[in-house]
Amino acid sequence: MGDKEKLLEIRNLKKYFPIKKGLIKGRGNQVKAVDDVSFNIYKGETLGIVGESGSGKSTLGRMIVRLMDATEGEIVFEGTNIEHLGTRQMGAFRKEIQMVFQDPFASLNPRMRVGQLIGEPIAIQKTFNKKERAEKIIDILGKVGLTAEAITKFPHEFSGGQRQRIGIARALTMNPKFIAADEPVSALDVSVQSQVLNLMQDLQDELNLTYLFISHDLSVVKHISDRVGVMYLGRIVEIGPKKNIYDNPMHPYTQALLSSIPVTNFDGKREKIYLKGEPPSPSDPPKGCAFHTRCPNAFNRCRIERPELILHDDGQSVACHLYSAPFTNV
Amino acid sequence: MQSQQINKEPSTIDVNDSLLDVKGLKTYFYMRHGKTAKAVDDVSFSINKGETVALVGESGSGKSITSLSIMRLIQSPPGKIVEGSIKLEGKELLALSENEMSKVRGNEIGMIFQEPMTSLDPVFTIGSQIVESLMKHKMMKKKEAYKQAIELLKIVGFARAEKIVKEFPHQLSGGMRQRVMIAIALSCNPKLLIADEPTTALDVTIQAQILNLMVDMKERFGSSVLLITHDLGVVAEVANRVLVMYGGQIVEEAPVKDLFMDAKHPYTEALLESIPNIDEDVERLESIPGTVPPAHNFPQGCRFADRCKYVMDICREENPKLIEHNSNRKVRCFLYKEEGGFLSGG
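Residues numbered from 1 in each chain as written. Chains lettered and ligands numbered in written order. Predicted model: local features only at pLDDT ≥ 70, side-chain atom pairs only at ≥ 80, totals over all residues.

J.: Honestly, the overall build of chain B in this entry has me stumped. Any pointers?
T.: Check the secondary structure of chain B and you find 13 helices and 14 strands. In terms of C-alpha radius of gyration, chain B reaches 21 Å, essentially the compact-globule figure of 20 Å for 346 residues. Counting only C-alpha atoms and orienting by the principal axes, one finds that chain B spans roughly 65 × 50 × 45 Å. (Helix = DSSP H or I, 4+ residues; strand = E, 2+ residues; numbered from the N terminus. Rg over C-alpha atoms; globule rule 2.2 N^0.38 Å.)

As structure tokens, then:
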């Protein structure tokens, strides 16, 4: 993994949301949605990010595509820190970095025809004339498995799976290098999910794309990713090659998460780890390790000191005192 | 026509161990432009006492309309139960007056819905909502009901139940609200619990807690469960028997293990292959081309024909019947002839 070329470097990324006083009671005055997250995304890979609701995975995705400003930290894309860039300077990078959204019903303007929806980014770039633009649109529609007839139709005339294809087509128009997909198949029926997953894989091979794939569905993430990061309360608790994470999860949260998935396998039913309680509120996270309130292995140190994400064998990093040396070395 | 499969046992025994019998249920929706959506089209099944039956299907398959029909909660117009029979312990629910039916709801059939936020009233405390149900259905006095409410909340896993009764729904998380819903549903000790996507809105770790709770509660109260879900993992986890719905009809019925080990209907088979399995690595997922046909425009023949990889000429002309297959299974497909015969194509 180490010798692979980095496409994106995320360094100490933070996003704190202020809480309005008087509206919500709370001791803290900000929600730490993403709290000091660092990792790399390598060229051509799919990095899956899993986590439960409120873990900060969507906020992370939105910051990386610069739909949202970070509170602190760096996003380095091919050597340039794009975090602080203004709208104009960002322009050149926008076409490299695209996003596919969860809800294909809400993310497409219902009043625009598909041709306009897909053609808009091309029109803004002004590099093609009208005829070339039309050809390009047909070409992209073909790539996602839709016919040219779609151009004159409105989004409501398509099913959920087809709409997600349109969403993907729109992301592809600028020939991006990187696509962040936030729960791209969660709103789809199971029989349609696999169509979209297969399409994303085909496009990745064909166009040499790099994906950040955000999902709460561990099975889907396992299927599509090369590496997987697990988030809990705004932090990455474990990250590494897919095989390690799923076969040998180190963090107690990852272990519990994996054991919670209902399986359709009757031979080797796994032992379930039932976590107590619910994830704490990100506005008032526990001291020390954020997971210690639900962790079956928690000991004294976990309540006091926050564990750092430490690299172990084979590219697998984990933030847990069970694996750290008796004293922390950064 | 298809009802003969049910007549295997003499009706006296049938009544004894079966709790719910649905026969030939048809629920249609009459749409404004004159079209008829056959949301549920000739559905027959039964649920035995103490059994958990899962009704699986994609959106638009008719699974939720089936459960709403059982509760007689179909809004009319546009919807209407056109035909069929729904018997709860031999009592015909479709013949009851609205008044009588409202006594069945809550008392004999409890329900849990997908979104616990919208099914709890935001302006009443948790306690008062449970108390209301107990006073109405169990004729309890207020004080008694209040005590019982705290007891029920403890049963569904609230350590500080005395506090929770005074709280409002918005103060609870999704998983906690779903626990409250389960407490309300169980407050009257119903014979049948209908759970419509009970964990779909929840995170996996919370889902595991709630499923575990449902299994515990089922054993404790001895109720039968009709679980409606699109999640095959959840089915494998809690169900005894599975009904697979497609296009308003049941296309396969089997004990849970048999279904996952050896799916008969091409739809079930394709569905199982199209979900990524956490225990297996595949390069590429199977996918089912196309989409579910709309309920107002089903094809003439088999409703799955257009997406089926084994499709034959006859499939486009005639809709196959749900036939019995090895005594405990049923399948609606021309690939299968009665009693275990497998024709071709597989």
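More follows now that the structure is in view.
J.: What is the right way to read the interface of chain A and chain B from this model?
T.: Between chain A and chain B, the residue contacts involve 31 residues of the former and 36 residues of the latter. Those elements giving two or more residues to the side of chain A that touches chain B turn out to be helix H6 (190-207), helix H7 (218-224) and helix H9 (252-260) of chain A. The element best represented in the side of chain A that touches chain B is H6 of chain A, accounting for 7 residues. Its residues assigned to classes, the side of chain A that touches chain B comprises 13 nonpolar, 13 polar and 5 charged. (Contact = placed C-beta atoms within 7 Å. Nonpolar A, V, L, I, M, F, W, Y, C, P; charged D, E, K, R; others polar.)

J.: Can you help me understand H9 of chain A in this one?
T.: Each α-helix turn comprises 3.6 residues. Residues three or four places apart therefore point the same way. Taking burial as the measure, the 9 residues of H9 of chain A include 7 buried ones, the bulk of the element. Here H9 of chain A has its buried residues at Pro-252, Tyr-253, Thr-254, Ala-256, Leu-257, Leu-258 and Ser-260 of chain A. On its buried face, H9 of chain A is in contact with H7, strand S9 (227-232), strand S10 (235-241) and helix H8 (242-247) of chain A together with helix H9 (204-221) of chain B. (Buried ≥ 20, exposed ≤ 12 C-beta atoms within 10 Å, placed from the backbone.)

J.: Please clarify how the sheet that holds strand S3 (residues 46-50) of chain A should be interpreted in this entry.
T.: The strands that make up a sheet are held in pairs by hydrogen bonds between backbone atoms, and each pair lies either parallel or antiparallel. Residues and elements named next belong to chain A. Strand order across the open sheet formed by 8 strands is S6-S7-S8-S3-S9-S10-S12-S11, with mixed pairing between neighbours. The sheet is open, and its two borders are formed by strand S6 (97-100) and strand S11 (310-311), each paired with just one other strand. Pairing geometry for S3 and strand S8 (residues 210-215), over 5 bridges, is parallel. Bridge pairing in S8 places Leu-47 opposite Leu-212. Contacts between helix H5 (residues 160-172) and the sheet are confined to S6 and strand S7 (178-182), with S6 contributing the most and set at about 175 degrees to the helix. (Pairing = 2+ DSSP bridges. Axes fitted to C-alpha atoms, helices over the stretch in contact; angles between N-to-C directions.)

J.: Would you mind going over the packing of helix H3 (residues 114-125) of chain A against helix H4 (residues 130-143) of chain A with me for this structure?
T.: Packed helices, taken two at a time, are described by the angle between their axes plus the distance between the axes. Residues and elements named next belong to chain A. Packing of H3 against H4 brings their axes to within 10 Å, and their N-to-C directions diverge by 120 degrees. Between H3 and H4, the interaxial angle falls into the category oblique. The two elements H3 and H4 meet at a crossing, and its hand is right-handed. Two secondary-structure elements touch here, H3 through Gly-115, Ile-118, Gly-119, Ile-122 and Ala-123 and H4 through Arg-133, Lys-136, Ile-137 and Ile-140. In terms of residue class, the contact of H3 with H4 is built from 5 nonpolar, 2 polar and 2 charged. (Parallel < 35°, antiparallel > 145°, perpendicular 65-115°, else oblique. Left-handed = near helix turned anticlockwise from the far one by under 90°.)

J.: Please clarify how the nonpolar core should be interpreted in this entry.
T.: Here is a general trend for soluble globular proteins: nonpolar side chains tend to be buried in one another's company. All names here are of chain B. Counting 183 residues, the largest nonpolar core has Val-242 and Leu-243 as the members making the most contacts within it. Top element by residues in this core is helix H8 (residues 174-186). It accounts for 8 residues. Sequence-distant contacts of Val-242, that is, excluding residues within four places in its chain, are made with Ala-54, Val-56, Val-235, Ala-254, Val-256 and Leu-259. (Core = buried A, V, L, I, M, F, W, Y, C linked by C-beta atoms within 7 Å.)

J.: Got a minute to help me understand the sheet that holds strand S12 (residues 329-332) of chain B in this structure?
T.: Residue and element names in this part refer to chain B. Read from one edge to the other, the open sheet built from 8 strands follows the order S6-S7-S8-S3-S9-S10-S12-S11, with strand pairing classed as mixed. Unpaired on one side and paired on the other, strand S6 (109-112) and strand S11 (322-325) mark the two borders of the sheet. Strand after strand, the sheet turns through a mean of 20 degrees between neighbouring axes, direction not considered. Examined bridge by bridge, strand S9 (residues 241-246) and strand S10 (residues 249-255) share 6 bridges and lie antiparallel to one another. When the bridges of S10 are listed, Tyr-246 appears paired with Gln-249. The strands touched by H8 within the sheet are S6 and strand S7 (192-196), with S6 carrying the most contacts at an inclination of about 175 degrees.

J.: Would you mind going over the environment of Leu-257 of chain A with me for this structure?
T.: Relative to the helices and strands, Leu-257 of chain A is located in helix H9. Accessibility expressed as a C-beta count within 10 Å gives 26 for Leu-257 of chain A, which makes it buried. Along the primary structure Leu-257 of chain A and Val-318 of chain A are separated by 61 residues, whereas in three dimensions their C-alpha atoms are 15 Å apart. Apart from residues lying up to four places away in sequence, Leu-257 of chain A is in contact with Leu-218 and Val-230 of chain A together with Val-204 and Thr-205 of chain B.

J.: Explain the pairing of strand S2 (residues 36-48) of chain B to me, please; I cannot follow it from the model alone.
T.: A regular strand carries its side chains on alternate faces of the sheet. Residues and elements named next belong to chain B. Where burial is concerned, most of S2 is hidden: 10 out of the 13 residues are buried. With 9 bridges joining them, strand S1 (residues 18-30) and S2 adopt antiparallel strand pairing. Within S2, the position partnered with Val-22 by the bridge is Phe-45. Taking the residues between adjacent antiparallel strands as the criterion, S1 and S2 are bridged by 5 residues, where Gly-34 takes a positive phi near 85 degrees.

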